[in-house]
Amino acid sequence: MKISRPVAFAAGALMALVLGSGTAVAATGGKFILGKTNTAAATTVLKNSKGTAIQFVSKPGTPSFKVSNSTKVPGLNADLLDGSDSSAFALASGQTNTVLGFTFPFDVDEDGVDDFLVSIATCPAGTKLTGGGGDDYTNDGSLFANSPADRQSWFVSSTSTDLSATDDVVSYAVCYNPRGGVPGGEFRRAAPAKPDASARELVKERLAKKVD
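Residues numbered from 1 in each chain as written. Predicted model: local features only at pLDDT ≥ 70, side-chain atom pairs only at ≥ 80, totals over all residues. Heavy atoms only, no water.

**Q** Please explain the overall build of the protein as it appears in this structure.
**A** The secondary structure content of the protein amounts to two helices and seven strands. Each helix and strand of the protein, placed in order from N terminus to C terminus, yields the pattern α-β-β-β-β-β-β-β-α. Residues counted as buried form 24% of the 212 residues belonging to the protein. In the protein, 61% of the contacts between residues at least 6 apart in sequence involve partners at least 24 apart. Put simply, the protein shows about 15,000 Å² of open surface, and 56% of that area lies on carbon and sulfur atoms. (Helix = DSSP H or I, 4+ residues; strand = E, 2+ residues; numbered from the N terminus. Buried < 20%, exposed > 50% of the residue type's maximum accessible area, 1.4 Å probe, protein only. Contact = heavy atoms within 4.5 Å. Areas by Shrake-Rupley, 256 points an atom, 1.4 Å probe, with all protein chains shown as cover.)

Rendered as structure tokens:
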């Protein structure tokens, strides 16, 4: 059938209008046209045997790509969520528990004579200190220091003059482990770890200020 020139001109004009309007172009097997909405009836796969297959670079402050709906994309890994790494978020398996401290007579002014009963509770490695506290069960004392010793430890100190009453002054640290249980975490008196030298020095510094 012979197509008249007016009909051919009209068809060409219509095609030009479609191509210039941003409407969907490029059928399956055709060329991918930049700046246009391209369509296909099959999945498009881009392979690079030498490395990364595709990179999106966009204007600062704008997303590098968009998706059309909220359906989960299998296998899509993300490095950050709202600018934060996964280590910044609590995991479903995370647990919080209480670790009891180690109580001992403490020589604040280093004159060879112990001055106070001090107790320090330290969160085990891999956990985070989220709080703490203490109790004084001595006959003549009360807690006059009750605060963090550092980022991993909590300490308390008693005014009791009975420096042998180490079982009557209790400190505890509330520890959080994002990946499971807290080693040594329990609410009964057990065999707590002795505080390290750095924690003792911090306690000495804080108690010295209180004494002064």
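**Q** What am I meant to see in the state of the cysteines here?
**A** Think of a disulfide as a covalent bridge from one cysteine sulfur atom to another cysteine sulfur atom. Throughout the structure, instances matching the rule amount to one disulfide. Here C123 connects covalently by a disulfide to C175, the sulfurs 2.1 Å from one another. Here the S-S torsion is close to -90 degrees, and the disulfide linking C123 with C175 is therefore left-handed. Separated by 52 residues along the polypeptide, C123 in the loop between β3 (116-122) and β4 (128-136) and C175 in strand β7 (residues 169-177) bring together distant segments of the chain. By relative accessible area, which is 4% here, C123 ends up buried. (Disulfide = S-S within 2.5 Å.)

**Q** I tried to follow the sheet that holds strand β2 (residues 102-106) on my own but got confused; where do I start?
**A** Sheet strands line up and pair through hydrogen bonds in the backbone, either parallel or antiparallel. Taking strand neighbours across the sheet as the criterion, the four strands line up as β2-β3-β6-β5 in an open arrangement whose pairing is antiparallel. Each having just a single partner strand, β2 and β5 (143-148) make up the two edges of the open sheet. On average, adjacent strands in this sheet sit at an angle of 20 degrees to one another, irrespective of strand direction. In terms of strand pairing, β3 meets strand β6 (residues 153-158) through six bridges, oriented antiparallel. Looking across to β6, one finds that L117 is bridged to S158. (Pairing = 2+ DSSP bridges. Axes fitted to C-alpha atoms, helices over the stretch in contact; angles between N-to-C directions.)

**Q** Any chance you could explain the pairing of β7 here in plain terms?
**A** For a regular strand, side chains alternate in direction, first toward one face of the sheet and then toward the other. With respect to burial, β7 is a largely interior element, seven of its nine residues being buried. The pairing of strand β1 (residues 95-100) with β7 spans six bridges and is antiparallel. From the neighbouring strand, T98 faces β7, where its bridge partner is V174. The pairing of β4 with β7 spans eight bridges and is antiparallel.

Purely spatial values, then, with no claim about function.
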